[in-house]
Amino acid sequence: MVLANFEIGIIGAGDMGMLYARRFKQAGYVVNICDTPDRFSELQAKHGHLGLNILRDGYAVSRRSDFIIYSVPAVNIGRIVEEYGRATKVGAIVAGQTSVKTPEILAFERHLPDDVHIVTCHSMHGPNIDTKGQPLAIIRHRSDDLHYKMAVEALGALESRVIYLTYEEHDRITADTQAATHLSFISLGTAWSLQGYYPWLNPQFISGINNVKVAMALRIYASKWHVYAGLAIMNPLAKKQLQCYVESMTTLYKLMVAGKGQEFRDLVHEAADFVFGRERSRKKILLDDDILDQLSLSQVPKEQGRPNSHLSLLSAAVCWYRMGMSPYDNLICQTPPFRMWLGIVEYLFCHEGMLEESIETALGDRYTQAEDLVFYTAVTGWGQCIELGSFEGYRERFEKTAEFLSHKLGEGKDLSTMIIKKLTDRDEAS
């Protein structure tokens, strides 16, 4: 049901802002949208045919809209709400679409009038995935019952799977599910770039779970850098897990090159037992061979493949073990990258033969140890960049790697989108 005489405003006409605008318009709402004033004519030319009210700036959107959604980078949320918040229509509902809610809520509390209701949200997926069936966090922060129900009703146009959280719960869960996941994928891309080779030409990246690594890394690098920088740098809870992931990888790598095979093996199996259980070989897993077999960008024949230590996946399990957390507790708010990340870690650890090959390769294959040194260097480099809170450093590292991989980004994004859709369809059918 569409709320009568209810206009939705979107400040920020980037990829997610336009995804929302289209969905609300299709549902029958009047949609007012803007970006920066210098893009006004460009937006009119590009999106004028969609039937949206394209306005010059956030003042115009805020004055007339009953539900206003700030769809802007997390790093800019404070400045933009300070600029336009004063123009918010009396009694309106305000939300944000940033991936980190603590700075967003602080900006709303500081700059919005007291007569404004705050019911914020977060679609936990990227703009290239349909909102239908994907997780949507709705956060009631400051609202009466009537306006809260109106916000929930309006967001129903997205047809998403709704999870109700506080903003503190949201930031904890996103830290647990996204911080180390993104660090792993972006570090893989940087490692390939540093060595000057493409993974689809490397014999270590042929098998199903390696193809997932490649496809998801390409998917992330096909996106905007600020999406991942905001979560990593602005969510204080994310840094704890990032540090644990880096330390876990450091421990494993030092054991590898020091020849401490039994200690390495013991740590991996302790993590396996804690995260996946002693009977893990019988466990029903998230990814199956039918899906993995469809993931392939590799141009190397299978018979020419080389074993892989999967150090990135071993480090993830050790990180969860050391933090005493179960990744399954957070599946309620899973993002597509986390779903795929947990899926390939689980696949490795629940196939004893593959896990044993991974351990043996890590301990005994000098070629793999050399490859892993570059990956380890990439991880620690990203970790230091995030620890220093350097948005400019993050952007430069991200864009340099994205440029190296640019000719395959579209193909990787399309392939990962197909797999994510298959997983979503399977979940809806079960």
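Residues numbered from 1 in each chain as written. Predicted model: local features only at pLDDT ≥ 70, side-chain atom pairs only at ≥ 80, totals over all residues. Heavy atoms only, no water.

Undergrad: I keep staring at the overall build of the protein chain and nothing clicks. Help me out?
TA: Looking only at helices and strands, the protein chain features 18 helices and 8 strands. What you see for the protein chain is a C-alpha radius of gyration of 22 Å, in line with the 22 Å of a compact globule of 430 residues. Across its three principal directions, the C-alpha atoms of the protein chain cover 65 × 45 × 40 Å. Put simply, the protein chain has 430 residues, and 58% of those count as buried. A separation threshold of at least 6 residues defines the contact pool for the protein chain, and within that pool the share at least 24 residues apart is 78%. Summed over its atoms, the accessible surface of the protein chain is roughly 17,600 Å², and 50% of this surface lies on carbon and sulfur atoms. Each charge class in the protein chain was averaged separately, 45 positive and 52 negative side chains, and the resulting centres sit 2 Å apart. (Helix = DSSP H or I, 4+ residues; strand = E, 2+ residues; numbered from the N terminus. Rg over C-alpha atoms; globule rule 2.2 N^0.38 Å. Buried < 20%, exposed > 50% of the residue type's maximum accessible area, 1.4 Å probe, protein only. Contact = heavy atoms within 4.5 Å. Areas by Shrake-Rupley, 256 points an atom, 1.4 Å probe, with all protein chains shown as cover. Lys, Arg positive; Asp, Glu negative; His and termini not counted. Charge placed at Lys NZ, Arg CZ, Asp CG, Glu CD.)

Undergrad: In this structure, what is going on with the sheet that holds strand E7 (residues 135–142)? I would like to understand it.
TA: Adjacent strands of a sheet form backbone hydrogen bonds with each other and so pair up, either parallel or antiparallel. Spatial strand order, E3-E2-E1-E4-E5-E6-E7-E8: 8 strands in an open sheet with mixed pairing. Of all the strands in the sheet, just strand E3 (53–54) and strand E8 (161–165) have a single pairing partner and so form its edges. Here 2 bridges tie strand E2 (residues 30–34) to E3, and the two strands are oriented parallel to one another. The residue bridging isoleucine 33 from the neighbouring strand is isoleucine 54, located in E3. Where helix H5 (residues 101–111) meets the sheet, its contacts fall on strand E4 (67–70), strand E5 (93–96), strand E6 (117–123) and E7, and the angle it forms with E6 comes to roughly 155 degrees. (Pairing = 2+ DSSP bridges. Axes fitted to C-alpha atoms, helices over the stretch in contact; angles between N-to-C directions.)

Undergrad: Could you clarify how one ought to interpret the packing of helix H14 (residues 336–349) against helix H15 (residues 352–364) in this entry?
TA: A packed helix pair is summarised by two numbers, namely the angle formed by the two axes and the spacing between the axes. Two elements in contact, H14 and H15, have axes separated by 6 Å at closest approach and are oriented at 90 degrees. As the angle between them shows, H14 and H15 are arranged roughly perpendicular. Side by side, H14 and H15 meet where Tyr347, Leu348 and Phe349 of the first sit next to Glu352, Met354, Leu355 and Ser358 of the second. (Parallel < 35°, antiparallel > 145°, perpendicular 65-115°, else oblique.)

Undergrad: Just checking my understanding: could you explain the nonpolar core for this structure?
TA: A general feature of soluble globular proteins is that nonpolar side chains tend to end up buried together. Ranked by size, the top nonpolar core spans 80 residues in total, and within it Tyr245, Trp320, Phe349 and Tyr394 carry the most contacts. Looking at which element gives the most residues to this core, the answer is helix H10 (residues 236–257), with 10 residues. In terms of nonpolar packing, the next biggest core, distinct from the first, is built from 32 residues, Phe6, Met18, Phe40 and Ala151 among them. (Core = buried A, V, L, I, M, F, W, Y, C linked by side-chain atoms within 4.5 Å.)

Undergrad: Looking at this model, I keep getting lost on the side chain of serine 248. Mind explaining?
TA: Residue placement: serine 248 occurs in helix H10. The class of serine 248 is buried, set by a relative accessible area of 0%. There is a polar contact of 2.8 Å between the side chain of serine 248 and the backbone oxygen of cysteine 244. With sequence-adjacent residues up to four places away left out, serine 248 is seen in contact with Ser315, Val318, Cys319 and Arg322. (Polar contact = N/O pair within 3.5 Å; in protein donor to acceptor, adjacent residues only side chain to side chain.)

Undergrad: Explanation requested: the pairing of E4 in the structure shown.
TA: Successive side chains on a regular strand alternate, one facing one side of the sheet and the next facing the other. Along E4, one buried face is formed by Phe67 and Ile69 and the opposite face, lined by Ile68 and Tyr70, is buried too. As paired elements, strand E1 (residues 7–11) and E4 share 4 bridges and run parallel to each other. Along E4, the bridge assignment pairs isoleucine 10 with isoleucine 69.

Undergrad: What should I look at first to understand the pairing of E8 in this one?
TA: Relative to E8, E7 runs parallel, the two sharing 5 bridges. Bridging from a neighbouring strand, proline 135 pairs with arginine 161 of E8. A crossover connection joins E7 to the parallel E8 through helix H6 (residues 145–155); in handedness this β-α-β unit is right-handed. (Right-handed = clockwise from strand over helix to strand, strands pointing away.)

Undergrad: Just to check I follow, could you spell out the environment of phenylalanine 349 for this structure?
TA: Topologically, phenylalanine 349 is positioned in helix H14. In this structure, the C-alpha to C-alpha distance between phenylalanine 349 and leucine 3, residues 346 residues apart in sequence, is 49 Å.

Undergrad: Looking at this structure, I do not really get the state of the cysteines. What am I missing?
TA: Here the structure, examined in full by the defined rule, presents 0 disulfides. The thiol of cysteine 34 is unpaired, and the distance to the nearest cysteine sulfur, on cysteine 121, comes to 16 Å. We classify cysteine 34 as buried; its relative accessible area is 1%. Between cysteine 350, a free cysteine, and cysteine 319, which holds the nearest cysteine sulfur, the sulfur-to-sulfur gap is 18 Å. By relative accessible area, cysteine 350 is classed as buried at 6%. (Disulfide = S-S within 2.5 Å.)

Undergrad: Would you mind showing me how to read the pattern of salt bridges here?
TA: It is possible for side chains bearing opposite charge to pair when their charged atoms get close. Going through the model one piece at a time under the given rule, you end up with 17 salt bridges. Among the salt bridges present, the one from aspartate 35 reaches arginine 39, with a minimum N-O distance of 3.4 Å. Like arginine 39, aspartate 35 is buried. Across the pair glutamate 360 and arginine 265 runs a salt bridge whose closest N-O atoms are separated by 2.8 Å. Residue glutamate 360 is found in helix H15, and its partner arginine 265 is found in helix H11 (residues 261–276); the two are separated by 95 residues along the sequence. Put simply, Arg23, Asp130 and Glu159 are held in one network by salt bridges that share partners. (Salt bridge = Lys/Arg side-chain N within 4 Å of Asp/Glu carboxyl O.)

Undergrad: Looking at this structure, how should I read unusual backbone geometry?
TA: When glycine is set aside, most residues are seen to have a negative phi, and most peptide bonds are trans. Non-glycine residue glutamate 159 carries a positive phi angle of around 60 degrees. Accessibility expressed as a relative area gives 43% for glutamate 159, which makes it partly exposed. Residue histidine 310 is not a glycine yet carries a positive backbone phi of 55 degrees. Residue position: histidine 310 is located in the loop between helix H12 (289–292) and helix H13 (311–323). For histidine 310, a relative accessible area of 5% puts it in the buried group.

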